[in-house]
Amino acid sequence: MKIIDGFGDKLKALREKAGLTQEQLAMRMGLSKSTISQYENQERIPSPIAVIKIASIFHVSTDYLFGIDKVERADLSGLTEDDIEIIEHMIVSMREKNEKISKL
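Engineer: So what's going on with the overall build of the protein chain? Residues and values would help.
Structural biologist: Helix and strand counts for the protein chain come out as six helices and zero strands. Secondary structure elements in the protein chain, listed N-terminal to C-terminal, are α-α-α-α-α-α. In terms of overall dimensions, the protein chain has a C-alpha envelope of 45 × 35 × 25 Å along the principal axes. The buried share among the 104 residues of the protein chain stands at 30%. Taking contacts inside the protein chain between residues at least 6 apart in sequence as the whole, the part at least 24 apart equals 52%. In the structure as shown, the protein chain presents an accessible area of about 7,400 Å², 55% of it carried by carbon and sulfur atoms. For the protein chain, the centre of its 15 positive side-chain charges and the centre of its 17 negative side-chain charges are spaced 7 Å apart.

What follows is the structure in structure tokens.
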């Protein structure tokens, strides 16, 4: 049952990137390990509340989890305007560097 195509793969990748086991994620969400496994294997569809919790835990949008937004976004909450400005300058610098490298 692959109603939310790719959801399970995204969940597993996010969980592993965060260094969490299925059991640890289940504890954070108040679910069983088997439920997390079923989500990852796309054997069970998460409730809207579960999707929102997952998005919150991994700082991604629900659109990303559903495959609507293809880009995993950075969570900038808790940063000052100055912090965000510095990050934006770093992004521009990295893009310029990558463009120069790709032209070689």
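Having put the structure on the table, let's press on.
Engineer: So what about a negative patch on the surface? Which residues, and what values?
Structural biologist: The grouping of Glu81, Asp82, Asp83, Glu85 and Glu88 at the surface amounts to a negative patch. Mapped onto the fold, Glu81 is located in helix α6 (residues 81–102). A residue is classified by how much of its surface remains accessible, and Glu81, at 64% relative accessible area, is exposed.

Engineer: How would you sum up the nonpolar core? Please name residues and give values.
Structural biologist: The tendency in soluble globular proteins is for nonpolar side chains to be buried side by side. With 17 residues, the main nonpolar core has Phe7, Leu11, Tyr39, Ile54, Phe58, Val60 and Leu65 as its most contacted residues. Looking at this core, the elements with two or more residues in it are α1 (7–17), α2 (22–29), α3 (33–40), α4 (48–58) and α5 (62–66). Beyond its immediate chain neighbours, meaning those up to four positions away, Val60 contacts Leu14, Ala55, Leu65 and Glu72.

Engineer: So what's going on with the packing of aromatic side chains? Residues and values would help.
Structural biologist: Scanning the model with the defined rule gives one aromatic pair in all. Here the basic side chain of Lys10 rests over the ring of Tyr64, its NZ or CZ set 5.6 Å away from the ring centre.

Engineer: Just give me the short version of the side chain of Glu40, but keep the residues and values in it.
Structural biologist: Examined against the element boundaries, Glu40 turns out to sit in helix α3. A polar side-chain atom of Glu40 sits 2.8 Å from a polar atom in the side chain of Gln22. Among residues more than four places away in sequence, those in contact with Glu40 are Gly8, Asp9, Leu11, Lys12, Arg15 and Gln22.

Engineer: Describe in detail the environment of Gln24, supporting the description with residues and values.
Structural biologist: Along the chain, the position of Gln24 falls in helix α2. Using a relative accessible area of 38% as the deciding quantity, one classes Gln24 as partly exposed. Separated by 32 residues in sequence, Gln24 and Ser56 place their C-alpha atoms 15 Å apart.

Engineer: Give me the lowdown on the packing of α2 against α4, citing residues and values where you can.
Structural biologist: Two elements in contact, α2 and α4, have axes whose closest approach is 11 Å; the angle formed by their N-to-C orientations is 115°. Taken together, the axis directions place α2 and α4 in an arrangement best described as roughly perpendicular. Crossing angle aside, the handedness with which α2 passes α4 is right-handed. Here Leu25, Arg28 and Met29 of α2 come into contact with α4, specifically with Ala50, Lys53, Ile54, Ile57 and Phe58.

Conventions used here
The residue numbering used here restarts from 1 in each chain and proceeds along that chain's sequence as written. Totals for whole chains, interfaces and linings use all residues, but because this is a predicted model, local features are given only for residues with pLDDT of at least 70 and pairs of side-chain atoms are given and counted only at 80 or more. Excluding hydrogens and water, the side-chain figures rest on all heavy atoms present in the structure. Helical segments are the DSSP runs of H or I of at least four residues, strand segments are the runs of E of at least two, and each set is numbered from the N terminus. Burial classes follow relative accessibility: with a 1.4 Å probe on protein chains only, a residue under 20% of its type's maximum area counts as buried, one over 50% as exposed, and anything between as partly exposed. Contacts are residue-level and defined by heavy atoms, with any inter-residue pair within 4.5 Å sufficient. Per-residue and other accessible areas were derived by the Shrake-Rupley procedure at a 1.4 Å probe size, with only the shown protein chains allowed to occlude residues. Two residue types count as positive, namely Lys and Arg, and two as negative, namely Asp and Glu; His and chain ends fall outside the count. Charge positions are represented by NZ for Lys, CZ for Arg, CG for Asp and CD for Glu. Patch definition: residues above 30% relative accessible area lacking any salt bridge, with like charges linked at up to 9 Å and the nonpolar side chains Val, Leu, Ile, Met, Phe, Trp and Tyr linked at up to 5 Å. Only one rule defines a salt bridge in this text: a Lys or Arg side-chain nitrogen within 4 Å of an Asp or Glu carboxyl oxygen. For the purposes of this section, nonpolar cores are sets of buried Ala, Val, Leu, Ile, Met, Phe, Trp, Tyr and Cys residues that join through side-chain atoms within 4.5 Å. Two aromatic rings, drawn from Phe, Tyr or Trp (for Trp, its six-membered ring), form a pair once their centres lie within 6.5 Å of each other, and the interplanar angle then sorts them: stacked below 30 degrees, edge-to-face above 60, tilted otherwise. Here, a charge over a ring is recorded when the distance from Lys NZ or Arg CZ to the ring centre is within 6 Å and its angle to the ring normal is within 35 degrees. N or O atoms within 3.5 Å of each other form a polar contact, as long as, within protein, one can give a hydrogen and the other can take it, and as long as residues adjacent in sequence are counted only when both atoms are side-chain atoms. For helices, the axis comes from a line fit to the C-alpha atoms of the stretch in contact; other axes are also lines fit to C-alpha atoms, and the angle between any two N-to-C directions lies between 0 and 180 degrees. Orientation categories follow fixed angle ranges, with anything under 35 degrees roughly parallel, anything over 145 roughly antiparallel, 65 to 115 roughly perpendicular, and all other angles oblique. Take the far helix as your reference; a near helix turned counterclockwise from it by less than a right angle gives a left-handed crossing, and one turned clockwise gives a right-handed crossing.

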